[in-house]
Amino acid sequence: MFVTRSTRHDKADVQELWDASGYGDSDVNEGKIFIARDGAVVGTVRMIEVAPQLVVIDDVVVREDRREQGIGRRLMQTALNSIGGKLYLCCHEDKKTFYGHFGFAEIPKGDLPTPVAEYLSKTGDLDPPEGHEHFFLTAR
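Each chain carries its own residue numbering, running from 1 in the direction its sequence is written. This being a predicted model, a pLDDT of at least 70 is required before a residue's local features are given, and a value of 80 or more before pairs of side-chain atoms are given or counted; all residues contribute to the totals for chains, interfaces and linings. Side-chain calculation: all heavy atoms of the structure are included, whereas hydrogens and water are not.

J.: Explain the state of the cysteines here, please?
T.: In a disulfide, the sulfur atoms of two cysteines are held together by a covalent bond. Here, a disulfide means two cysteine sulfur atoms that sit within 2.5 Å of each other. Taken as a whole and judged by the stated rule, the model has zero disulfides. Cysteine Cys90 shares no disulfide, and the gap to the nearest cysteine sulfur, in Cys91, comes to 6.7 Å. Accessibility expressed as a relative area gives 5% for Cys91, which makes it buried. Classification of residues uses two cut-offs on accessible area relative to the type maximum, computed with a 1.4 Å probe and protein chains only: under 20% is buried, over 50% is exposed, and between them is partly exposed.

The structure is reproduced here in structure tokens:
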């Protein structure tokens, strides 16, 4: 398995993974996407620069049968090493510890910079449906 930045040749494989994982509404043409490939694409991280030095980490996906093998960690480390700036992401409670390993800490929704909040609003993550809780994290 190797981890690298995706190219235009990887788009169909990335979309296939996202579709199978319930992320089919994400745009493979937006942002920088890093992939873990083991024959097929088995994991992704997408980074969206919403303003200069403001980056949203989105679409952290590892194929279900490949989870708990360190793929997500390798993807995150590669992606984070590739970009500067202040980082933000939205996650579920069970993922806060994972992101904490990379220096992410929870912040109140009201502390999100406007470009980050606008992006998360566009994706539907800022105000999830009732009964579905999101947490907002930042690093650097």
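J.: Would you explain unusual backbone geometry in this entry?
T.: Trans is the common state for peptide bonds, and a negative phi is the common state for residues other than glycine. Notably, Gln53 is not glycine yet its phi reads approximately 65°, a positive angle. Structurally, the position occupied by Gln53 is in the loop between β3 (40-51) and β4 (54-62). Its identity is not glycine, yet Arg140 carries a phi of approximately 75°, on the positive side. Per the convention used, a helix needs a DSSP run of H or I reaching at least four residues, while a strand needs a run of E reaching at least two, with both numbered from the N terminus. Within the secondary structure, Arg140 is located in the segment after β7 (135-139).

J.: Can you help me understand the pattern of salt bridges in this one?
T.: Think of it this way: side chains of opposite charge can pair up when their charged atoms draw near. What makes a salt bridge here is a side-chain nitrogen of Lys or Arg within 4 Å of a carboxyl oxygen of Asp or Glu, nothing more. Taken as a whole and judged by the stated rule, the model has 10 salt bridges. For Glu30, the salt bridge identified is with Arg46, shortest N-O distance 3.5 Å. Of this pair, Glu30 sits in the loop between α1 (11-20) and β2 (32-38) while Arg46 sits in strand β3, and the two are 16 residues apart along the sequence. The partly exposed category is assigned to Glu30, whose relative accessible area is 23%. Between Asp127 and Lys109 there is a salt bridge, with the nearest N and O atoms lying 2.5 Å from each other. In this pair, Asp127 is assigned in the loop between α4 (114-123) and β7 and Lys109 in the loop between β6 (105-107) and α4, connecting sequence segments 18 residues apart. Each member of the salt-bridge network shares a partner with another, and the members are Glu30, Arg46, Asp58, Asp59 and Lys122.

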